Amino acid sequence: MSLPLKIAWRYLRSKKGHQAVNIISIVAVCGVVVSTAALICVLSVFNGFSGLIMGRLAMLDPQVAISSTMGKTINDADSVIDVVGAIPGVERAIPVIEDQALAVYIEYQMPVRLKGVPDDYNTMNDMDSVIVDGEWKLRDQVSRYAVAGAGPAVRLGVRPEFLGMVQIYAPQRQGRVNMANPMGAFRQDSLFVSGIFQLEQNSYDADLIYVPLDVARQLFDYEHQATQVEVKLAPGANEQQVMSAISQALGDSYQIKNRLMQQSEAYRLVNIEKWMAFLLLAFILVIATFNVISTLSLLIIEKNDSISTLRALGANDRQISRIFVMQGWLITLVGAITGVVIGLILCLCQQQFGWLKLSGDPAHMIVSAYPVSVQWTDVLVTLGLVAAVGLLTSMVTALIMRRRLKSQESGVILSRIY
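Note that this is a predicted model, so its numbers are computed, not measured.

S.K.: Any chance you could explain the overall build of the chain here in plain terms?
M.R.: For the chain, the count of helices and strands is 12 helices and 10 strands. Looking at the chain as a whole, 44% of its 418 residues qualify as buried. Sequence separation of at least 24 residues holds for 79% of the intrachain contacts in the chain that already meet a minimum separation of 6. Just so you have it, the chain exposes about 22000 Å², and 59% of that area is on carbon and sulfur atoms.

S.K.: Just to check I follow, could you spell out the packing of aromatic side chains for this structure?
M.R.: The geometry of an aromatic ring pair is captured by two quantities: the separation of the ring centres and the angle between the planes. Using the criterion set out here, one finds 8 aromatic pairs in the structure. Summarising the aromatic geometry, the rings of Y121 and Y210 are spaced 5.7 Å apart at their centres and angled 35° between planes, so their arrangement reads as tilted. Taken as a pair, Y121 in the loop between β3 (108-117) and β4 (131-134) and Y210 in strand β8 (residues 208-212) lie far apart in primary sequence, 89 residues in all. For the pair formed by Y121 and Y210, the shared burial category is buried.

S.K.: Got a minute to help me understand the pattern of salt bridges in this structure?
M.R.: Once their charged atoms are close, side chains differing in charge can pair, the charge on each being opposite to the other. Going through the model one piece at a time under the given rule, you end up with 15 salt bridges. Put simply, D207 and R113 hold a salt bridge, and the shortest N to O gap is 3.2 Å. You can see D207 sitting in the loop between α5 (202-205) and β8 and its partner R113 sitting in strand β3, a full 94 residues away along the chain. Where D119 meets R139, a salt bridge forms, and the shortest distance between an N and an O atom there is 2.8 Å. Of the two residues, D119 sits in the loop between β3 and β4 while R139 sits in the loop between β4 and β5 (145-149), which places them 20 residues apart along the sequence. R139 sits in the partly exposed class, given a relative accessible area of 35%. Ionic contacts of the salt-bridge type, sharing partners, join the residues E98, R113 and D207 into one network.

S.K.: Is there a simple way to explain the environment of G151 in this structure?
M.R.: With respect to the secondary-structure elements, G151 resides in helix α4 (residues 150-156). Residue G151 is classed as buried on the basis of its relative accessible area, which comes to 19%. In this view, G151 contacts M110, D205 and A206; residues no more than four positions away in its chain are not counted.

S.K.: I keep staring at the confidence of the model for the chain and nothing clicks. Help me out?
M.R.: A low pLDDT score tells you not to read the predicted coordinates there in detail. Confidence in the prediction for the chain averages 84 pLDDT; 89% of positions are at 70 or higher. Within the chain, the element-level pLDDT minimum falls on helix α1 (residues 3-13), averaging 71, and the maximum on β8, averaging 97. Contacts of residues 412-418 to residues separated by more than four positions or lying in other chains number 0 contacts, the stretch itself having pLDDT below 50.

S.K.: How should I be thinking about the environment of L208 in this particular structure?
M.R.: Among the structural elements, L208 can be located in strand β8. Here L208 falls in the buried class, since its relative accessible area comes to 1%. In this structure the C-alpha to C-alpha distance between L208 and K115, which are 93 residues apart in sequence, comes to 7.2 Å. Ignoring sequence-local partners within four residues, the contact set of L208 consists of R113, K115, V147, A148, G149, P152 and F197.

S.K.: Before we go on, may I ask you to explain a nonpolar patch on the surface in this structure?
M.R.: Side chains of L269, I272, M276 and L279 sit close together on the surface and give an oily, nonpolar patch of about 390 Å² of accessible area. Structurally, L269 can be placed in helix α9 (residues 264-302). Take L269: its relative accessible area is 47%, and that puts it in the partly exposed class.

S.K.: Can you help me understand the nonpolar core in this one?
M.R.: Within the largest apolar cluster, 26 residues are counted, with the highest numbers of intra-cluster contacts made by L114, V166, I168, I209 and F220. Secondary structure elements with two or more residues in this core: β2 (90-105), β3, β5, α4, β6 (166-171), β7 (186-197), β8 and α6 (213-220). At 5 residues, the largest contribution of residues to this core is made by α6. Other than its neighbours up to four places away in sequence, I168 contacts A101, L102, A103, L114, R187, Q188, D189, L191 and L219. The next biggest cluster of nonpolar side chains, apart from the first, holds 20 residues, and it includes V117, Y121, I131 and L199.

S.K.: What's the story with unusual backbone geometry in this structure? I'm lost.
M.R.: Generally, phi is negative for residues other than glycine and the peptide bonds are trans, each holding for most cases. Unlike most non-glycine residues, E200 shows phi in positive territory, near 65°. By the element assignment, E200 lies in the loop between β7 and α5. The partly exposed category is assigned to E200, whose relative accessible area is 35%. Residue D221 is not a glycine yet carries a positive backbone phi of 60°. Its place among the elements puts D221 in the loop between α6 and β9 (228-233).

S.K.: Even after reading the chapter, I still don't get the packing of α9 against helix α11 (residues 317-353), so can you show me in this structure?
M.R.: Packed helix pairs are specified by the crossing angle of their axes together with the interaxial distance, meaning the distance between the axes. At their nearest, the axes of α9 and α11 sit 10 Å apart, and the two run at 145° to each other. Between α9 and α11 the crossing geometry is right-handed. On α11, the residues that touch V292, T295, L296, L299 and I300 of α9 are F324, Q327, G328 and I331. Split by residue class, the contact of α9 with α11 holds 6 nonpolar, 3 polar and no charged.

Criteria and cut-off values
Residues numbered from 1 in each chain as written. Predicted model: local features only at pLDDT ≥ 70, side-chain atom pairs only at ≥ 80, totals over all residues. Heavy atoms only, no water. Helix = DSSP H or I, 4+ residues; strand = E, 2+ residues; numbered from the N terminus. Buried < 20%, exposed > 50% of the residue type's maximum accessible area, 1.4 Å probe, protein only. Contact = heavy atoms within 4.5 Å. Areas by Shrake-Rupley, 256 points an atom, 1.4 Å probe, with all protein chains shown as cover. Phe/Tyr/Trp six-rings, centres within 6.5 Å; stacked < 30°, edge-to-face > 60°. Salt bridge = Lys/Arg side-chain N within 4 Å of Asp/Glu carboxyl O. pLDDT = per-residue confidence, 0-100. Patch = residues over 30% accessible without salt bridge, like charges linked within 9 Å, V, L, I, M, F, W, Y side chains within 5 Å. Core = buried A, V, L, I, M, F, W, Y, C linked by side-chain atoms within 4.5 Å. Axes fitted to C-alpha atoms, helices over the stretch in contact; angles between N-to-C directions. Left-handed = near helix turned anticlockwise from the far one by under 90°. Nonpolar A, V, L, I, M, F, W, Y, C, P; charged D, E, K, R; others polar.

Okay, structure coming up:
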């Protein structure tokens, strides 16, 4: 350990000559500790919410989605499925059709997003886990069925046990409209409701209805087209490698997205909120460092006699300045490490015990306590910020020290003259 560092460590641990300096030193360290711990906790909470949202959306989103870059539909979906299905790591590929339609039940009606899928679509995702009423069923020996989101179910007033059928209307894509018979411009079909799902995400719950794939093709006048091909990967398959292989096999005419890319807007918004909170807390941390500068300024004044003694022993101005620069680094380092440890302990306790609860009725919430997820990248970013703030503190301290030493030197010269 170098001499300036030894002296700085001694100054940090020793009791100061004035009680005010002791109090300000404790406040300076506590300011860095609290700011650092708050950064760790807040970033971890945002990570928890982000993971919660992505986890809920992943229940219905396909692992890999393929769409056309040349238009709304994939014209020859069957050939695309054959190519994709032969790629190692792909367990299954299916066509889906999604478009706007009008749903009518008795005197109620609303625009909906109709998604036509194979009958066993629930094996592609975790659909069964979000069914809150009825069951997943699109077909049996008696009839064909629809599975509606909570939004359409409430607005239309439908339930799985009701005997009435939901009327689905979709505008014809081809042909002319006969103004004498406007209803002739629509294709129509009727389905019972077999189940209701609720994901607690407005983008799915508000207007989505699942129907059999052949019903969607009849309503929207598609034969072999699909608006999207959804892919389920085999267990243990490398997602990036499979996506790269699909892209090479299909070419630039197709867009390949994983779950994160499919929900890029939601993920981007959460990240914006997270880093805005980080900037606000970083500003608070910078403000807290002014206490460190104040502490060092008072310490420089208090150690005036010690500085003179060090000079008499042969220490130069650079060595003396380094003592107080090291002091600033030590205050920042001790505060940062303590803050990170406290922040991690609080996050682990929240994960284990869920002390901080969300306001509202727990029966209507996905989670009752604040979700927390610690990411080591956030810890490293926080430590990097504290290191940058420590560098700023050291630069200011060095400037103060140089001015102080010059002032002392001028005083010595004047005393010798007179």
